[in-house]
Amino acid sequence: MSKIMFWQKDEETMPRSELESLQLARLKRLVDYVHTNVPFYRKRLDEASVTSDKIKTLSDIKYIPLTTKEDIRDNYPYGLFAKPMKKIVRIHASSGTTGKPTVVGYTQNDIDMWSDLVARLTMAAGATDDDIVHIAFGYGLFTGALGLHYGLERIGATVVPTSSGNTERNIMLMRDFGTTALVSTPSYAMYIAETAREMGINPKDLKIRLGLFGSEGCSDEFRRKIEDTWGLFATDNYGMSELIGPGVSGECIYRCGMHFAEDHFLPEIINPDTGEVLPRGETGELVITTLTKEGIPLLRYRTKDITSISYDTCECGRTHARMARTHGRSDDMLKIKGVNVFPTQIESVLISIPQVGSNYQIVLDTVNYMDTFVINIELSDGSLLERYSELEGLQQTIRQKLRSTLGLDAKINLVEPKSLQRSAGKAVRVVDNRKR
Ligand code: DLL
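A few points on the structure. (Residues numbered from 1 in each chain as written. Predicted model: local features only at pLDDT ≥ 70, side-chain atom pairs only at ≥ 80, totals over all residues. Heavy atoms only, no water.)

Turning to the pairing of strand S7 (residues 233-240), a few remarks are in order. S7 sits mainly inside the fold: seven of its eight residues count as buried. Bridge count for strand S6 (residues 210-214) against S7 is five bridges, and the pairing is parallel. By the bridge assignment for S7, Phe 213 is matched with Asp 236. Read as a crossover between parallel neighbours, the route from S6 over helix H9 (residues 220-230) to S7 is right-handed. The hairpin formed by S7 and strand S8 (residues 245-251) contains four residues between the paired strands. (Buried < 20%, exposed > 50% of the residue type's maximum accessible area, 1.4 Å probe, protein only. Helix = DSSP H or I, 4+ residues; strand = E, 2+ residues; numbered from the N terminus. Pairing = 2+ DSSP bridges. Right-handed = clockwise from strand over helix to strand, strands pointing away.)

Before going further, it helps to spend a moment on the site of the ligand. The full set close to the ligand counts 22 residues, and Asp 236, Asn 237, Ser 241, Asp 305 and Arg 329 are the nearest of them. Ser 215 has a polar side-chain atom sitting 3.0 Å from an oxygen atom of the ligand. One of the backbone nitrogen or oxygen atoms of Asn 237 is found 2.7 Å away from a nitrogen atom of the ligand. At the level of elements, helix H6 (143-154) and S7 are the ones that each hand at least two residues to the shell around the ligand. Examining the composition of the shell around the ligand, we find that five residues originate from one element, S7, more than from any other. For the shell around the ligand, a count of residues per class yields six nonpolar, ten polar and six charged. (Near = heavy atom within 4 Å. Polar contact = N/O pair within 3.5 Å; in protein donor to acceptor, adjacent residues only side chain to side chain. Nonpolar A, V, L, I, M, F, W, Y, C, P; charged D, E, K, R; others polar.)

As enumerated under the stated definition, the model contains 28 salt bridges in all. Glu 20 is paired through a salt bridge with Arg 16; the nearest N and O atoms lie 3.0 Å apart. Placement of the pair is Glu 20 and Arg 16 together in helix H2 (residues 16-37), with a separation of four residues, close to one helical turn. Arg 209 is the partner of Asp 131 in a salt bridge, and the nearest nitrogen-oxygen pair spans 2.7 Å. With a gap of 78 residues between them, Asp 131 in the loop between helix H5 (108-125) and strand S3 (132-135) and Arg 209 in the loop between helix H8 (186-198) and S6 connect regions that are remote in the sequence. Asp 131 gets classed as buried once you look at its relative accessible area, which sits at 2%. Several salt bridges converge on common partners, so that one network encompasses Arg 16, Glu 20, Glu 262 and Arg 280. (Salt bridge = Lys/Arg side-chain N within 4 Å of Asp/Glu carboxyl O.)

Structural data, given as structure tokens:
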């Protein structure tokens with residue numbers, strides 16, 4: 001275990017009462033800010049008769065309406081931005097429930113705050129300016145790679161921006177560069193280790209001592225397996241594009257939950273069915289209010305992630321509350337190879353193809369620690385199964401359409417009409433056999 005370290009000690013260890021006063025002041029300021037700058041929120045707040053003066057304590061937040069991913073999507077692309085585009089210096093995006101991505105914009109202050117928060121979580125996990133860090137997240141609209149990149153540069157670590165993929169080359173570079181820390185999803189970390197073994201390299205012989213993992217959940221058993229395989233100390237961090245990306249919460253070296261950056265993100269737990277705020281310690285859906293974001297601030301954003309929050313003191317000295325590691329979601333979003341996928345996105349592609357019948361099933365599994373993604377699709381006319389070249393052409397068309405919608409490759413199996421299992425109730429569209 002490394003020693004306890006802080007990037008912004010005053011903020012991270014602020015006495016709880018001071019922290020809560022700061023949150024309240026920031027919440028009131030945020031309500032005024034979005035009321036002035038975002039017509040969507042002005043309408044929402046006016047309809048609920050909420051003004052900043054009416055918020056006297058943090059628990060008054062319950063009077064503010066919740067915001068959903070659909071709200072962002074309905075205002076695609078820039079409708080919820082609170083600053084003119086002239087002030088937006090970066091755009092990121094993630095998949096939405098339809099073909100349109102969920103778009104987020106950052107001002108320079110947002111990028112600076114984001115970098116500080118990622119710097120905090122990397123130092124809390126034990127990273128230092130002596131580390132050489134491989135970033136094996138995909139660079140691009142996804143927030144994971146650039147988020148970790150800026151935060152790690154901020155603490156003075158040496159960042160190697162290799163991106164994911166090209167695994168053999170990455171392993172060679174890790175060995176040659178003397179890489180000491182790895183940023184990736186937990187499943188990709190295992191895949192890299194497996195590939196290293198195939199190359200005759202024992203992952204333990206590389207110098208990687210620290211794993212900064214996130215973007216998907218993993219069980220304690222899987223984490224132990226990663227640690228045993230690599231001989232590293234694995235830490236978890238959580239975030240979401242809409243909120244900022246990575247940096248919302250992260251584990252310290254005691255690994256007893258992920259500390260929120262509570263001076264910037266105000267967390268609540270609600271009952272996902274009724275929207276009611278649950279008492280402290282209970283498990284439910286995480287809702288976050290971004291207290292300081294300028295580009296696209298969000299009031300009470302429903303993350304759909306199921307977790308609980310602990311306010312007990314932590315041995316590391318941080319006063320910020322900790323969220324339990326999360327594996328489940330209250331919606332049907334899937335994370336496949338690190339990419340967010342909604343079954344409805346797949347359905348809208350399939351519906352547009354006349355040869356496709358009425359039923360399909362998405363099958364997910366794990367092979368060599370990586371996700372496999374297969375879609376079994378019933379044809380509308382079974383005789384097509386005998387016309388091989390037409391069949392192959394159709395398979396290609398579906399793959400290409402899905403790739404351009406999802407940014408992911410799927411294996412397509414075209415099958416006889418009515419051959420997939422029917423269910424009496426809700427159709428079972430997703431069979432998730434993955435182990436992680
Ligand atoms: O995954 C941001 C991120 C990147 C976090 C890199 C950490 C490291 P999205 O692509 O928008 O953003 O996906 C957000 O991923 O609602 C969770 O369901 C899931 N998720 C993210 N981190 C974790 C984690 C990034 N540590 C969605 N454990 C979230 C479990 C996670 N699930």
